Amino acid sequence: MYQLAPNIELLFTEAGDYQDRVRAAAAAGFDAVEMWGPTGRDAPAKPKDIPALKAALQETGTQLTAQLAEPRTQFMLPPKDHSFFYQCLDEGVAIAQELGCPRLVVGSGTGFGGSKRQTQLDELIAIYEKAIAQIEGSGITLVLEPVNIRVDHPGALIDRTSDAVYVARGVDSPNFGVLYDIYHSAVEGEDMATELANAGAIVKYVQLADAPGRGEPGSGALDWAEKFSVLRASGYDGPVGLEYSPTTESAASVAFVREVGVAA
């Protein structure tokens, strides 16, 4: 069975504050959660009470599997001043360490029409090589997320899994990998088996939502028994983040994906 990690920005919001969402997820039988940014620096994430969140994680024995690096910056747009990102990276790593979270999710930002795509991908490699050098020894892994440009993130530089894999191979660090999001990949029309075969062990985190609609598995058109079968066949055995907007009450929305996850 895969370890499923509900996203506490979107799920168990009925419980109230983030720390209470952790408790609600644990009460529903989950031993892991994920979240977006810890400081609320990037909308729509809200600031977290880090001590209260840490207490809830420890009290329930819940693992925080991933959080977003902040800010979600525009690396390719002039004047290309990345100093604030690097400054905040240290803060994010410190919070991740305090919360026992092993991963920070990073992105590419918007592509720049005035430069070749390949040039921008190579620039992104250099940016993340510097980031990895900066956090060396922290125990934190950075995972780069490709996002779809057809529905949710128009203009994003990295919308293809293969481009994220290219960047990760260029960075060439055990502490840098790819976040494969089943929803984003499906919206982009990718073949999941092909993308995972190409990526191999570079995939260091997985998220899901159904498509179309980005709701819970079962609310859209994806075959989830098949998706989990492909994921298992790829060799990935890490946690799976449930990053979807539920169309029903949170505890009810997870029933189907938990059933499929057990069988995977």
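Whatever comes next refers back to the structure up there.
Report follows, based on the coordinates. (Residues numbered from 1 in each chain as written. Predicted model: local features only at pLDDT ≥ 70, side-chain atom pairs only at ≥ 80, totals over all residues. Heavy atoms only, no water.)

**What to know about the packing of aromatic side chains**
With the rule as written, the count across this model stands at nine aromatic pairs. With a centroid separation of 5.9 Å and an interplanar angle of 40°, the aromatic rings of Tyr-2 and Phe-228 are classed as tilted. In this pair, Tyr-2 is assigned in the segment before β1 (4-6) and Phe-228 in helix α8 (residues 224-233), connecting sequence segments 226 residues apart. You'll find Tyr-2 and Phe-228 in the same group, each marked buried. Judged by centre distance (6.2 Å) and plane angle (80°), the rings of Phe-85 and Tyr-128 are edge-to-face. (Phe/Tyr/Trp six-rings, centres within 6.5 Å; stacked < 30°, edge-to-face > 60°. Helix = DSSP H or I, 4+ residues; strand = E, 2+ residues; numbered from the N terminus. Buried < 20%, exposed > 50% of the residue type's maximum accessible area, 1.4 Å probe, protein only.)

**A word on the side chain of Gln-67**
Relative to the assigned elements, Gln-67 resides in strand β4 (residues 67-68). Within the structure, the side chain of Gln-67 is placed 3.3 Å from the backbone oxygen of Gly-92, a separation counted as a polar contact. Residue contacts for Gln-67: discarding those within four places in its chain leaves Met-35, Trp-36, Pro-38, Gly-92, Ile-95, Ala-96, Leu-99, Cys-101, Arg-103, Leu-104 and Val-105. (Polar contact = N/O pair within 3.5 Å; in protein donor to acceptor, adjacent residues only side chain to side chain. Contact = heavy atoms within 4.5 Å.)

**Observations concerning the sheet that holds strand β5 (residues 103-106)**
Working definition: the strands of a sheet are paired by backbone hydrogen bonds and lie parallel or antiparallel to each other. Strand order in the open sheet formed by seven strands is β1-β9-β8-β7-β6-β5-β4, with parallel pairing between adjacent strands. Every interior strand has two partners, whereas the edge strands, β1 and β4, have only one. The sheet contact formed by β1 and strand β9 (residues 240-242) spans three bridges and is parallel. Bridge pairing links Leu-4 to Val-240 in β9. (Pairing = 2+ DSSP bridges.)

**Notes on the nonpolar core**
With 85 residues, the main nonpolar core has Tyr-128, Leu-142, Val-167, Phe-176, Leu-208 and Leu-242 as its most contacted residues. With residues up to four places along the chain from it excluded, the contact list for Leu-142 reads Leu-89, Leu-104, Val-106, Tyr-128, Ala-131, Ile-132, Ile-135, Asn-175, Phe-176 and Gly-177. (Core = buried A, V, L, I, M, F, W, Y, C linked by side-chain atoms within 4.5 Å.)

**Thoughts on helix α2 (residues 50-60)**
Because the α-helix completes a turn every 3.6 residues, residues three or four places apart line up on one side. Taken together, the buried positions of α2 are occupied by Ile-50, Ala-52, Leu-53, Ala-56 and Leu-57. In a view along the axis of α2, the buried residues occupy a sector of 165°, so they form one face of it. Looking at α2, the residues exposed on the side facing more than 90 degrees away from the buried face are Pro-51, Gln-58 and Glu-59. The inward-facing, buried residues of α2 abut α1 (18-27), β2 (32-33), β3 (63-64) and α3 (83-99). Positive backbone phi, approximately 70°, marks Gly-61, located one or two places after α2. (Arc of directions from axis to C-beta.)

**As for the packing of α1 against α2**
Contact geometry for α1 and α2: axes closest at 8 Å, N-to-C directions at 15°. In terms of axis orientation, α1 runs roughly parallel to α2. The element α1 and its partner α2 pack so that their crossing is right-handed. Of the residues in α2, those in contact with Tyr-18, Gln-19, Val-22, Arg-23 and Ala-26 of α1 are Ala-52, Leu-53, Ala-56, Leu-57, Glu-59 and Thr-60. Classifying every residue of the contact of α1 with α2 by side-chain character gives seven nonpolar, two polar and two charged. (Axes fitted to C-alpha atoms, helices over the stretch in contact; angles between N-to-C directions. Parallel < 35°, antiparallel > 145°, perpendicular 65-115°, else oblique. Left-handed = near helix turned anticlockwise from the far one by under 90°. Nonpolar A, V, L, I, M, F, W, Y, C, P; charged D, E, K, R; others polar.)

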